[in-house]
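Descriptive analysis of the structure
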Amino acid sequence: MARSAELDEVDRSILRLLQRDASLSLAAIAEQVGLTQTPCWKRIRRMEQAGILTGRIALVDPAKVGLPLTAFVAIETGDHSGPWLERFANVLAAMPEVMDAWRMAGDIDYLLRVVVPNMTAYDAFYRRLIAAIPLKNVSSRFAMEHIKAETVLPLPA
C-alpha cells in the first residue's frame, strides 16, 4: 500500500479528513466516510503501517510564539560525497531553527527553511552553520509576508 494507486476512494477520504483535522474522533471519521469504526480504524492503522500516515500534529503560528522571521537559505557545496552529506544531515538535525531541508536539482544544492525570532538570532544560526561544515556558498532570502500555507496534499481522485 505504498503507492497512491493502491489507495481507494475511502482511503483518500480518510486522508483528506485527517489532513484537515487530525483531532477528529474515529466515530466522526467513520461516519463521514460511510464505514463503521472497526473497518475505519483498520484502514487508518494500515496506512500508518505503510508509512502513508507519518504522524498527527498541531500546527503552530510561528509569529505568535516569538518566531516571526523566516529565512530561505540556499546552499552550494563543493563536496557531494556520502560522508559529507551524512555530516551535513547531522548538523541540520542538531539545529532546531531548520524547519525544512531539501536537496535540490539546479543551481543550488540545498534549500533550507529557517525560523528565528530576529536578525540577531539568524546571524547566530548562520555563524554556527558555516562553522560546522564546509560550504561553497550560502545565500539567504527573508520572507516579508506568508501568502499561502497548505498542509493538505491534493490527493488524486
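Residues numbered from 1 in each chain as written. Predicted model: local features only at pLDDT ≥ 70, side-chain atom pairs only at ≥ 80, totals over all residues. Heavy atoms only, no water.

Within the secondary structure, E97 sits in the loop between α4 (82-93) and β2 (98-103). According to the relative accessible area criterion, E97 is buried, its value standing at 15%. One polar contact links E97 to R128, side chain to side chain, over a distance of 2.6 Å. What E97 contacts, discounting residues up to four positions off in sequence, is R113, V114, V115, V116, F125 and R128. (Helix = DSSP H or I, 4+ residues; strand = E, 2+ residues; numbered from the N terminus. Buried < 20%, exposed > 50% of the residue type's maximum accessible area, 1.4 Å probe, protein only. Polar contact = N/O pair within 3.5 Å; in protein donor to acceptor, adjacent residues only side chain to side chain. Contact = heavy atoms within 4.5 Å.)

To continue, consider the packing of aromatic side chains. Enumeration according to the criterion identifies 5 aromatic pairs in this entry. Here W84 and F88 contribute two aromatic rings whose centre-to-centre distance is 4.8 Å and whose plane-to-plane angle is 15°, an arrangement assigned as stacked. Taken together, the residues W84 and F88, both in helix α4 and 4 residues apart, mark about one turn of the helix. Overall, the relative accessible area of 4% leaves W84 in the buried class. Where Y122 meets F142, the ring centres are 5.1 Å apart and the plane angle is 85°; that geometry is what we call edge-to-face. Placement of the pair is Y122 in helix α5 (residues 119-132) and F142 in strand β4 (residues 137-142), with a sequence separation of 20 residues. A residue is classified by how much of its surface remains accessible, and Y122, at 6% relative accessible area, is buried. We classify F142 as partly exposed; its relative accessible area is 32%. (Phe/Tyr/Trp six-rings, centres within 6.5 Å; stacked < 30°, edge-to-face > 60°.)

According to the stated counting rule, one finds 10 salt bridges in the structure shown. One salt bridge connects E48 with R45, and the closest N-O pair in it is separated by 3.5 Å. Linking E48 with R45, this pair stays in helix α3 (residues 37-49), spanning 3 residues, or about one helical turn. You can call E48 partly exposed: its relative accessible area is 28%. Classification of R45 by relative accessible area gives partly exposed; the value is 36%. Put simply, D123 and R127 hold a salt bridge, and the shortest N to O gap is 2.9 Å. With D123 and R127 both in helix α5 and 4 residues apart, this pair spans about one turn of that helix. Salt bridges here are not isolated pairs; linked through shared partners, they connect D8, D11, R43 and R46. (Salt bridge = Lys/Arg side-chain N within 4 Å of Asp/Glu carboxyl O.)

In this section: the side chain of T77. Inspection of the secondary structure puts T77 in the loop between β1 (69-76) and α4. By relative accessible area, which is 4% here, T77 ends up buried. In terms of polar contacts, T77 uses its side chain to reach the backbone amide nitrogen of D79, at 3.1 Å. Not counting the four nearest positions on each side in its chain, T77 is found in contact with W84, D109, Y110, P134 and K136.

The subject of this paragraph is the layout of surface pockets. By volume, the largest pocket is sized at about 820 Å³. What lines the largest pocket is a set of 22 residues, and nearest its centre among them are V60, P62, R113, H146 and A149. Listed by contribution, the elements that provide at least two residues to the lining of the largest pocket are β1, β2 and β3 (110-116). Grouping the amino acids of the lining of the largest pocket by side-chain chemistry returns 14 nonpolar, 3 polar and 5 charged. Taken as a whole, the second largest pocket spans an internal volume of roughly 650 Å³. Lining the second largest pocket are 21 residues, with L18, Q19, L53, G55 and T151 sitting closest to its centre. (1 Å grid on protein atoms, 1.4 Å probe; cavity = no way out; pocket = protein on both sides within 12 Å on 5 of 7 lines; lining within 4 Å. Points joined across faces, edges and corners; volume = space filled by probe spheres on them. Nonpolar A, V, L, I, M, F, W, Y, C, P; charged D, E, K, R; others polar.)

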